[in-house]
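Structural features, examined
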Amino acid sequence: MGYSVTSSSAVSAHTAASVIVAVVEGRGLARGEVGMASIDLKNPEVILSQFSDNTTYAKVITKLKILTPLEIIMSNTACDAGNTTKLFSLITEHFKNVTFTTVQRKYFNETKGLEYIEQLCASEFSTIFMEVQSKYYCLAAAAALLKYVEFIQNSVYAPKSLKVRFQGSEKTAMIDSSSAQNLELVINNRDSRNGHTLFGVLNYTKTPGGSRRLRSSILEPLVDAETINTRLDCVQELLQDEELFFGLQAVISKFLDTEQLLSVLVQIPKQDTVKTAESKITNLIYLKHTLELVEPLKAALRSCTTPLLKAYYNSLEDTRYLSGLETLMLRRCTKGCLSMRTQKCYAVKPNINEFLDIARRTYTEIVDDIAGMIAQLAEKYNLPMKTSFSSARGFFIQTNVDCSTLPNGQLPSEFTKITKMKNTYSFTSADLMKMNERCQESLREIYHMTYLIVCKLLNEIYEHIHCLYKLSDIVSMLDMLLSFAHACTLSDYVRPEFTDTLAIKQGWHPILEKIAVEKPVPNHTYSTEGNNFVIITGPNMSGKSTYLKQIALCQIMAQIGSYVPAEYCSFRIAEQIFTRIGEMKEITYIIQNANDKSLVIIDELGRGTSAEEGIGICYAACEYLLNLKAFTLFATHFLELCHIDALYPNVENYHFEVQHVRSSAGNKEKVAYTYALSKGYTEEKNYGLKAAEVSSLPSSVIVDAKEITNHIANQILHRQKSTPEMMRQRAVYHLAMRLVQTARNSRLDPDSLRIYLKGLKKKYEASCPAPEQNDEQQ
Ligand SMILES: Nc1ncnc2c1ncn2[C@@H]1O[C@H](COP(=O)(O)OP(=O)(O)OP(=O)(O)O)[C@@H](O)[C@H]1O
């Protein structure tokens, strides 16, 4: 694999994966302690993290999914012949399309990692040193990563040029990868191209850095209300001040990929070749272009009033990074390879180096001579001739004469390498080729001398490299905030508040709004500490899933500093957001990870199981979550569950209303969906059967289904004869047994389930009559 630093790399597409990650896990007693180090080839920022992960390695997988790596590096000991670690298998299973490389364990060396960081981290970011000093695994990963990247890039990083950051998980909300997928945050499950995702809804960014920032913000929302509010203040100001909005947008859209530019600037090629010299010069020209935008950016920000924008304005006042750049004289290239070449030639001002000036004069003379020679040839043969240039051929001649009118019906024999495109002939001559040679030679000399000056200049730039990091940070953040404001102008979003309550007045689903012809039906949401468990019922297709996702999406929008699709909204900051749909086995993950500050959204849990078992599973999950202060929203088809509101004061029932209308054609009843949420549980009974009746299912199947439904209904009725407390205890114990069975039959992680179930068992054993089944079976 290679990563070529070419002139176009600074502006190339930003969508392709470009992150390399090294992952290492502790051995023996330290198994489960994971260190990670990553670097984006388009952004010279090393991110280190270290954490303990349980046997499901959900944190590692989530982090890797957020990074969307191009390549993952692990130690060869993770997959020694026939002895693959669980982490290794999980990663290879989850990232099938990612290049996987193993390197010898010795490269995962924490001492080397620390040395690397000391050597490469720009001094302004050196507090990292204190943070990671005793975090051996992330240091080990850093060593392997940096060594590997330098190897594949055939370059070394300039001393004190990198930004290195330790990323603890505490500063952002955790959204595991299944939840991110369910909610279609950045990838649409059905169609990866159409942009019907939250990212698609909010992405009006103008720079690659802005769109990368938006993507990572959506996947890792903030948890600090103050920081979120500073962002919201900016969005508000941008919305209120049109001039500021358009002024800033105009400047921001002129920026190239600043992060990628930085990334090529900080790499020093191991060998100096003409190509590396040329690309350094090109990138410096891009840098000059970037820095020339600082003044207009400041001008656009001058009148702003919110603290964050003001802070950005002030930090742009820092002109240290402009030092030395006056040596460069030219503006950014216009299109065309000749002008780019000329520009590289004249990148350094005259009178800085007299040999360079001489070499440039020679070059100009040769170019003039070429033009003169071609003019003479045109005269000699009485043909219209034009001097042309391409990077492959150098200077050549073009004519669009009709050859049949020429003597012998062809171009004079002096001309060689003739090609024809439509009516134009391109060719050269032996003399012209010689002159091209001379031209190349003098260019090489010019580039070499320019390169030496550029290198000196770069050394000065490295000293203030943090200013460039700051600039690229400011640009990407402003781009994202502008994008939020832009999204608001297209729909009536509202500024969120942060309190202890989740209250959304007339909120709607932002992605559905984008897809649907008509605006979605808005609905309210309300959850507080004393009212933190909401059960939602309603027939199929009545809007339950949409509503649940809408709440999570609104919560995420609020926590990244965006306005929200609602008339009014207040959120309690969520430290984790879980959404689970259908699958029973996934509930274990929530049970292991949820805390009082989580937002938990569960849709149709137990869908794939029998009704009895499904109710059991749901009940057990509710039982656990009811004891947390997390805000839980639970959609279910098992109406029996709605009755737990009698046992728990913090449960609220809501349902989606439907209307029954008779079709004009016959006496068949049709369901009309209102998508309106109402208090209480749905009155609709056996709506699955009703839907089946109007479908094309054979009547014998429906008769069977009705019989089974009656049977289950009778069973439930029978249970209700007990007192509510007895019923609850029995149900819980009963389910505990069921859960174990299900765990055995499925791919659930039995260890974690067993721990949970043992807790349940202890709790209820004393008061519950002994079951028929022998509980030792587990
Ligand atoms: N608030 C709304 N406004 C307008 N249309 C909506 C709304 N909510 C849902 N819909 C439409 O109804 C369809 C079905 O909604 P959804 O999948 O949320 O129903 P559901 O109750 O979860 O169904 P099921 O129980 O079968 O999973 C959606 O695809 C969407 O087009």
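Residues numbered from 1 in each chain as written. Predicted model: local features only at pLDDT ≥ 70, side-chain atom pairs only at ≥ 80, totals over all residues. Heavy atoms only, no water.

1. Remarks on the site of the ligand
Rules: Residues are counted as near a molecule or strand when any one of their heavy atoms sits within 4 Å of it. Any N or O atom pair separated by 3.5 Å or less is treated as a polar contact, with the protein-specific requirement of one donor-capable and one acceptor-capable atom, and with residues adjacent in sequence counted only for side-chain atom pairs. Here the accessible surface of atoms and residues is derived via Shrake-Rupley with a 1.4 Å probe, and residues count as covered only by protein chains that are part of the display. Runs of H or I in DSSP of at least four residues are treated as helices and runs of E of at least two as strands, each being numbered from the N terminus.
Near the ligand, the surroundings consist of 14 residues, among which Val 521, Met 541, Lys 544, Ser 545 and Thr 546 are the closest. Within the contact set of the ligand, a nitrogen atom lies 2.8 Å away from a backbone nitrogen or oxygen of Val 521. In the model, an oxygen atom of the ligand is placed 3.3 Å from a nitrogen or oxygen of the Tyr 675 side chain. Against a free-state accessible area of 630 Å², the protein chains account for coverage of 75% of the ligand. Residue contributions to the shell around the ligand peak at 3 residues, all from helix 20 (residues 544-560).

2. Side note on a nonpolar patch on the surface
The condition is simple: A patch consists of residues exposed above 30% relative accessible area that lack any salt bridge, with like charges linked at up to 9 Å and nonpolar side chains (Val, Leu, Ile, Met, Phe, Trp, Tyr) linked at up to 5 Å. Any Lys or Arg side-chain nitrogen located within 4 Å of an Asp or Glu carboxyl oxygen qualifies as a salt bridge. Summary of the burial criterion: residues with accessible area below 20% of their type's maximum are buried, those above 50% are exposed, and those between are partly exposed, where the area comes from a 1.4 Å probe applied to protein chains only.
Side chains of Val 521, Met 541, Val 671, Tyr 673 and Tyr 675 sit close together on the surface and give an oily, nonpolar patch of about 460 Å² of accessible area. On the basis of relative accessible area, Tyr 673 is assigned to the partly exposed category, the value being 35%.

3. Describing the packing of aromatic side chains
Heads up, the rule is: Aromatic rings from Phe, Tyr and Trp, taking only the six-membered ring of Trp, are treated as a pair when their centres fall within 6.5 Å; an angle between ring planes under 30 degrees marks them as stacked, one over 60 as edge-to-face, and anything in between as tilted.
This model, assessed by the stated rule, comprises 9 aromatic pairs. On the basis of an interplanar angle of 90° and a centroid distance of 5.6 Å, the ring pair of Phe 125 and Tyr 469 is categorised as edge-to-face. You can see Phe 125 sitting in the loop between helix 3 (110-120) and helix 4 (128-132) and its partner Tyr 469 sitting in helix 18 (residues 465-490), a full 344 residues away along the chain. Each member of the pair, Phe 125 as well as Tyr 469, is classed as buried.

4. As for unusual backbone geometry
Phi angles above zero are rare outside glycine, and Thr 68 is one such case at about 35°. Its place among the elements puts Thr 68 in the loop between helix 1 (58-67) and strand 4 (69-75). A positive phi angle is found at Met 541, which is not glycine, with a value near 70°. Summarising the element assignment, Met 541 is placed in the loop between strand 19 (533-537) and helix 20.

5. Overview of the nonpolar core
Rule in force here: In this text, buried Ala, Val, Leu, Ile, Met, Phe, Trp, Tyr and Cys residues form a nonpolar core when linked through side-chain atoms within 4.5 Å. Any two residues whose heavy atoms approach within 4.5 Å are treated as being in contact.
Within the largest apolar cluster, 172 residues are counted, with the highest numbers of intra-cluster contacts made by Leu 48, Leu 185, Leu 202, Leu 297, Leu 301 and Ile 536. Top element by residues in this core is helix 18. It accounts for 15 residues. Other than its neighbours up to four places away in sequence, Ile 536 contacts Lys 544, Tyr 547, Leu 548, Leu 633, Phe 634, Ala 635, Thr 636, Tyr 654, Phe 656 and Leu 677. Of all hydrophobic cores here, the second largest spans 26 residues; its members include Cys 618, Ala 621, Leu 626 and Phe 634.

6. Describing the packing of helix 11 (residues 258-265) against helix 18
Note the following rule: As a rule, the C-alpha atoms of each element are fitted with a line to give its axis, helices using only the stretch in contact, and angles between N-to-C directions run from 0 to 180 degrees. For classification, angles of less than 35 degrees are called roughly parallel, those exceeding 145 degrees roughly antiparallel, those between 65 and 115 degrees roughly perpendicular, and all remaining angles oblique. Crossings are sorted by hand: turned counterclockwise from the far helix by less than a right angle, the near helix makes the crossing left-handed, and turned clockwise it makes it right-handed. Classes in brief: Ala, Val, Leu, Ile, Met, Phe, Trp, Tyr, Cys and Pro nonpolar; Asp, Glu, Lys and Arg charged; the others, Gly included, polar.
Between helix 11 and helix 18, the shortest axis-to-axis distance is 9 Å and the interhelical angle comes to 160°. With respect to each other, helix 11 and helix 18 are oriented roughly antiparallel. Crossing geometry of helix 11 relative to helix 18 is assigned as left-handed. The residues of helix 18 that touch helix 11, namely those facing Thr 258, Glu 259 and Leu 262, are Ile 465, Leu 468, Tyr 469, Ser 472 and Ser 476. Among the residues forming the contact of helix 11 with helix 18, the class breakdown is 4 nonpolar, 3 polar and 1 charged.

7. Things to note about the sheet that holds strand 14 (residues 415-421)
Heads up, the rule is: In this description, strands pair whenever DSSP reports at least two bridges between them.
In space, the 4 strands of this open sheet follow the order 12-13-15-14, with antiparallel pairing throughout. The two strands at the open ends of the sheet, each matched to only one other strand, are strand 12 (386-390) and strand 14. When the angles between neighbouring strand axes are averaged without regard to direction, this sheet yields 35°. Relative to strand 15 (residues 424-429), strand 14 runs antiparallel, the two being bridged by 5 bridges. Considered in strand 15, the bridge of Thr 419 is made with Ser 426. Of the strands in this sheet, strand 12, strand 13 (394-399), strand 14 and strand 15 touch helix 16 (residues 354-381), which is tilted by about 25° from strand 13.

8. Thoughts on the packing of helix 10 (residues 242-252) against helix 18
Packed helices, taken two at a time, are described by the angle between their axes plus the distance between the axes. Closest axis-to-axis distance for the helix 10/helix 18 pair is 10 Å, and the angle between their directions is 135°. Regarding the angle of helix 10 to helix 18, the classification is oblique. Between helix 10 and helix 18 lies a crossing of left-handed hand. The residues of helix 18 that touch helix 10, namely those facing Phe 245, Leu 248, Gln 249 and Ile 252, are Val 475, Leu 478, Asp 479, Leu 482, Ala 485 and His 486. When its residues are assigned to classes, the contact of helix 10 with helix 18 shows 7 nonpolar, 2 polar and 1 charged.

9. Regarding the pairing of strand 13
By the criterion of burial, strand 13 is predominantly enclosed, with 6 of the 6 residues buried. In terms of strand pairing, strand 12 meets strand 13 through 5 bridges, oriented antiparallel. Bridge pairing in strand 13 links Lys 386 to Gln 398. Connecting the antiparallel pair strand 12 and strand 13 is a turn made up of 3 residues.

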